[in-house]
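# Survey of secondary and tertiary structure
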Amino acid sequence: MKIPPNLVIPDPKLTNYLLVYQPKDDKSEYLALAGYTLDNWPSLKLDIIEAVKGSDVAEVIPTDWGTRFKVKSEWYGPNGRLVKVITIWQQDEASSLVKFITLYPDKS
């Protein structure tokens with residue numbers, strides 16, 4: 001199964017969460033290794049969407065609110081380093097949009 005179209009990443013997910021150090025489950029250090037910072041957050045947004053668009057779904061998870069999709073993807077960051085991540089997306093029952101929930105490094 002391919003991930004549905006209409007992928008959406010709310011800006012605060014990047015500017016207030018992924019690219020900001022978090023004491024628990026931090027992702028900013030991993031993303032910084034590939035050259036992503038708060039100064040170039042729009043690039044991260046575009047790179048995630050481009051890498052995931054049309055990708056195969058690794059896992060479909062039904063929830064009480066809709067369907068979650070786990071997608072493995074990889075691309076090269078601004079500094080040329082390879083980024084390998086697993087992204088989580090959710091399509092709410094009454095929506096055609098597929099919203100970004102989070103990502104974490106793919107250690108497989």
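An account of the accompanying structure is given in this report.

Cut-off values and rules
Residues numbered from 1 in each chain as written. Predicted model: local features only at pLDDT ≥ 70, side-chain atom pairs only at ≥ 80, totals over all residues. Heavy atoms only, no water. Pairing = 2+ DSSP bridges. Helix = DSSP H or I, 4+ residues; strand = E, 2+ residues; numbered from the N terminus. Contact = heavy atoms within 4.5 Å. Axes fitted to C-alpha atoms, helices over the stretch in contact; angles between N-to-C directions. Core = buried A, V, L, I, M, F, W, Y, C linked by side-chain atoms within 4.5 Å. Buried < 20%, exposed > 50% of the residue type's maximum accessible area, 1.4 Å probe, protein only. Phe/Tyr/Trp six-rings, centres within 6.5 Å; stacked < 30°, edge-to-face > 60°. Parallel < 35°, antiparallel > 145°, perpendicular 65-115°, else oblique. Left-handed = near helix turned anticlockwise from the far one by under 90°. Nonpolar A, V, L, I, M, F, W, Y, C, P; charged D, E, K, R; others polar.

A few words on the sheet that holds strand β5 (residues 98-105). Spatially, the 5 strands line up as an open sheet ordered β1-β5-β4-β3-β2, and their pairing is mixed. The sheet is open, and its two edges are formed by β1 (7-8) and β2 (59-62), each paired on a single side. The strands touched by helix α3 (residues 41-52) within the sheet are β1, β3 (66-76), β4 (82-92) and β5, with β3 carrying the most contacts at an inclination of about 105 degrees.

With that settled, the discussion passes to the nonpolar core. Counting residues in each nonpolar core, the largest one holds 24 residues, and the members touching the most others are Ile3, Tyr36, Leu44, Ile48, Trp75 and Trp89. At the level of elements, α1 (11-18), α3, β3, β4 and β5 are the ones that each hand at least two residues to this core. Examining the composition of this core, we find that 5 residues originate from one element, α3, more than from any other. The residues touching isoleucine 48, leaving out its near neighbours within four places in the chain, are Ile9, Leu14, Trp75, Thr87, Trp89, Phe100 and Leu103.

All chains considered together, the criterion is met by 1 aromatic pair. Each ring, one from tryptophan 89 and one from phenylalanine 100, has its centre 5.3 Å from the other, and the planes form 75 degrees; the classification is edge-to-face. Residue tryptophan 89 is found in strand β4, and its partner phenylalanine 100 is found in strand β5; the two are separated by 11 residues along the sequence.

With 2 bridges joining them, β1 and β5 adopt parallel strand pairing. Counted as the bridge partner of valine 8 is lysine 99 from β5. Pairing analysis gives 6 bridges linking β4 to β5, with the strands arranged antiparallel. Within the sheet, the bridge partner assigned to glutamine 90 lies in β5 and is lysine 99.

Below, the discussion takes up the pairing of β2. Where a strand is regular, its side chains alternate between the two sheet faces. Two elements, β2 and β3, share 4 bridges in a ladder whose sense is antiparallel. Of the residues in β3, the one forming a bridge with proline 62 is threonine 67. Following β2, the chain reverses through 3 residues before pairing antiparallel with β3.

Looking now at the packing of α1 against α3. At a minimum axis separation of 10 Å, α1 and α3 run at an interaxial angle of 120 degrees. Our classification of the angle between α1 and α3 gives oblique. Classified by chirality, the crossing of α3 by α1 is right-handed. Two secondary-structure elements touch here, α1 through Asp11, Leu14 and Thr15 and α3 through Trp41, Leu44, Lys45 and Ile48. Residue classes in the contact of α1 with α3 are distributed as 4 nonpolar, 1 polar and 2 charged.

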